[in-house]
Amino acid sequence: MTEAQRRGMDELTGGHVLWNTPMDRWTTFHIGGPAEAVYEAPDIEELSRVLVFLHREAIPWRVLGAGSNLLVRDGGVPGALIVLKGTLASIERSASNPFLVRAGAGLPIRALMRRSLADGFAGLEYLAGIPGTVGGAVAMNAGAFGKEIASSLVSVEILTTAGEVKIMQRPDLRFHYRQTEFPAETVILEVCLRVEPSHPEAVRPRLQTFLARRKAGQPWGAASAGSVFKNPPGDFAGRLIEEVGLKGKRIGGAEISERHANFIINTGTATAADVLALMALAREKVRARHGVLLEPEIQIVGEE
């Protein structure tokens with residue numbers, strides 16, 4: 001950005017922009033060069049003004065979410081990364097319909113699970129342990145154990161770069177494996193989810209069961225970005241990577257997890273280049289042995 005554009009961002013946001021901040025503190029991988037700007041949006045009104053400004057000035061931007069499912073290259077990210085805070089990360093039960101919950105896109109999944117337990121509503125337990133936000137989960141049609149968030153979705157509120165708020169009903173959306181199609185250059189603001197009225201004592205064991213299954217099969221607590229590759233049709237990326245003997249393989253500070261081969265973990269000193277080298281090695285060996293080209297599930301952004 002130019003100095004004038006930086007001043008414009010500061011004036012619009014009242015100091016809600018962090019400049020040249022290392023991305024290792026903003027991602028679950030704890031990896032990444034500096035972001036030119038990280039903007040923490042407190043509400044729709046300010047976000048709308050900023051989005052119009054970014055579009056008018058042709059400044060690249062993207063929503064950061066919780067920084068999971070993301071690898072930032074070592075050269076950093078030009079432009080603005082948007083983090084949804086304040087009213088954009090809130091949650092409320094529908095006053096007129098006990099089967100509906102409205103959640104801001106910036107709400108962490110773990111907060112959604114806590115509210116599910118506190119209020120005693122069921123039907124979303126399969127999301128337990130996913131280290132992202134509600135908006136990120138909808139954008140990638142996240143899921144586990146045979147369920148996807150598309151099955152719980154009623155509607156989505158989005159913001160355009162013209163500053164317009166639109167509501168998309170579930171039939172308006174197209175869902176794919178680990179992807180939901182949205183109009184280009186829009187921000188997910190809020191989602192409406194269908195739930196099942198229940199009681200905390202009934203929800204708790206279901207949450208604990210799904211969380212225990214996730215912990216048992218994944219490198220829980222390690223710095224990672226979740227599943228690295230999408231599962232190919234009728235198979236599992238982790239199985240294919242394990243069969244070519246890459247479990248435990250290290251390059252620099254990055255390691256293919258001994259617990260689950262579709263996870264790469266940062267052992268403490270990994271760079272994005274280390275992770276990308278392991279990904280390239282896994283793709284090469286799986287393609288040579290099985291004839292399958294693995295497609296990345298994590299998003300890779302930034303400059304070399």
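Scroll up to find the structure.
Criteria and cut-off values
- Residues numbered from 1 in each chain as written.
- Predicted model: local features only at pLDDT ≥ 70, side-chain atom pairs only at ≥ 80, totals over all residues.
- Heavy atoms only, no water.
- Core = buried A, V, L, I, M, F, W, Y, C linked by side-chain atoms within 4.5 Å.
- Buried < 20%, exposed > 50% of the residue type's maximum accessible area, 1.4 Å probe, protein only.
- Contact = heavy atoms within 4.5 Å.
- 1 Å grid on protein atoms, 1.4 Å probe; cavity = no way out; pocket = protein on both sides within 12 Å on 5 of 7 lines; lining within 4 Å.
- Points joined across faces, edges and corners; volume = space filled by probe spheres on them.
- Helix = DSSP H or I, 4+ residues; strand = E, 2+ residues; numbered from the N terminus.
- Nonpolar A, V, L, I, M, F, W, Y, C, P; charged D, E, K, R; others polar.
- Pairing = 2+ DSSP bridges.
- Axes fitted to C-alpha atoms, helices over the stretch in contact; angles between N-to-C directions.
- Expected span 1.5 Å × (residues − 1).
- Parallel < 35°, antiparallel > 145°, perpendicular 65-115°, else oblique.
- Left-handed = near helix turned anticlockwise from the far one by under 90°.
- Phe/Tyr/Trp six-rings, centres within 6.5 Å; stacked < 30°, edge-to-face > 60°.
- Polar contact = N/O pair within 3.5 Å; in protein donor to acceptor, adjacent residues only side chain to side chain.

## Points about the nonpolar core
Link 1 in the chain: With 54 residues, the main nonpolar core has Leu47, Leu54, Ile82, Leu112, Leu124, Leu127 and Val191 as its most contacted residues.
Link 2 in the chain: Apart from the residues lying within four places of it in its own chain, the contact partners of Leu47 are Tyr39, Ala41, Ile82, Leu84, Leu88, Leu159, Val187 and Leu189.
Link 3 in the chain: Leu71, Ile241, Ile256 and Leu294 belong to the second largest nonpolar core, which has 25 residues in total.

## Concerning empty space enclosed by the protein
Link 1 in the chain: For the coordinates displayed, the defined rule picks out one cavity of 30 Å³ or more.
Link 2 in the chain: Volume-wise, the largest cavity comes out at about 30 Å³.
Link 3 in the chain: When residues of the lining of the largest cavity are assigned to their parent elements, the largest contribution, three residues, is made by helix H7 (residues 272-290).
Link 4 in the chain: Looking at the lining of the largest cavity residue by residue, the classes come out as ten nonpolar, one polar and no charged.

## Let's talk about the sheet that holds strand S18 (residues 250-251)
Link 1 in the chain: As summarised here, the arrangement of the four strands in space is S17-S20-S19-S18, forming an open sheet in which the pairing is antiparallel. For this open sheet the edge positions go to strand S17 (223-224) and S18, each flanked by a neighbour on one side alone.
Link 2 in the chain: Note that S17 and strand S20 (residues 264-266) share two bridges and pair antiparallel. Opposite Ala223, over in S20, you have Asn266 as the bridge partner.
Link 3 in the chain: Its contacts with the sheet put H7 on S18, strand S19 (254-256) and S20, and the angle it makes with S19 is roughly 30 degrees.

## Remarks on helix H5 (residues 200-217)
Link 1 in the chain: Over its 18 residues, H5 extends 26 Å from the first C-alpha to the last, a length consistent with the 26 Å expected when each residue adds 1.5 Å.
Link 2 in the chain: At its buried positions, H5 is contacted by helix H3 (109-119), strand S8 (121-122) and strand S9 (143-144).

## Observations concerning the packing of helix H1 (residues 3-13) against helix H2 (residues 44-56)
Link 1 in the chain: Here H1 crosses H2 at 165 degrees, and the two axes come no closer than 10 Å. The angle between H1 and H2 falls in the class roughly antiparallel. As for how H1 packs across H2, the hand of that crossing is right-handed. Every residue of H2 that contacts H1 at Gln5, Gly8, Met9, Leu12 and Thr13 is listed here: Glu46, Arg49, Val50, Phe53 and Leu54.
Link 2 in the chain: Looking at the contact of H1 with H2 residue by residue, the class counts come to five nonpolar, three polar and two charged.

## Overview of the packing of aromatic side chains
Link 1 in the chain: Considering all chains together, one arrives at one aromatic pair under this definition.
Link 2 in the chain: With centroids separated by 5.3 Å and ring planes inclined at 45 degrees, the aromatic side chains of Phe145 and Phe210 adopt a geometry described as tilted. Within this pair, whereas Phe145 is found in the loop between S9 and strand S10 (147-148), its partner Phe210 is found in helix H5, the two being separated by 65 residues in sequence.
Link 3 in the chain: Residue classification places Phe210 among the buried residues on the basis of a relative accessible area of 19%.

## Digging into the sheet that holds strand S2 (residues 34-41)
Link 1 in the chain: Strand order in the open sheet formed by four strands is S1-S2-S5-S3, with mixed pairing between adjacent strands. The open sheet is flanked by strand S1 (17-22) and strand S3 (61-63), the only strands paired with a single partner. For this sheet the average axis-to-axis angle between neighbouring strands, irrespective of direction, equals 30 degrees.
Link 2 in the chain: When S2 meets strand S5 (residues 77-84), the two strands line up parallel, connected through six bridges. Its bridge partner being in S5, Ala35 is matched across the sheet by Val77.
Link 3 in the chain: The sheet strands contacting H1 are S1 and S2, and the helix crosses S1 at an angle near 125 degrees.

## Focus: the environment of Asn231
Link 1 in the chain: Its place among the elements puts Asn231 in the loop between S17 and helix H6 (237-243).
Link 2 in the chain: Judged by relative accessible area, which is 28%, Asn231 ranks as partly exposed.
Link 3 in the chain: Discounting residues that sit within four places of it in the chain, Asn231 has contacts with Tyr177, Phe236 and Ala237.
Link 4 in the chain: Only 2.9 Å separates the side chain of Asn231 from the backbone nitrogen of Ala237, close enough to count as a polar contact.

## Side note on the layout of surface pockets
Leftover empty space is mapped by rolling, across the atoms, a probe with the size of a water molecule.
Link 1 in the chain: Approximately 210 Å³ is the volume attributed to the second largest pocket.
Link 2 in the chain: What lines the second largest pocket is simply Asn69, Ala139, Met140, Arg178, Gln179, Thr180, Glu181, Phe182, Lys230, Pro296, Glu297 and Gln299.
Link 3 in the chain: The class makeup of the residues in the lining of the second largest pocket is four nonpolar, four polar and four charged.

## So, unusual backbone geometry
For residues other than glycine, phi is negative in most cases, and the peptide bonds are mostly trans.
Link 1 in the chain: Positive phi outside glycine occurs at Asn20, with the angle close to 50 degrees.
Link 2 in the chain: Here Asn20 is to be found in strand S1.
Link 3 in the chain: Not every positive phi belongs to a glycine, and Asn69 is a case in point at roughly 55 degrees.
Link 4 in the chain: Structurally, Asn69 can be placed in the loop between S3 and strand S4 (70-72).
Link 5 in the chain: Overall, the relative accessible area of 10% leaves Asn69 in the buried class.

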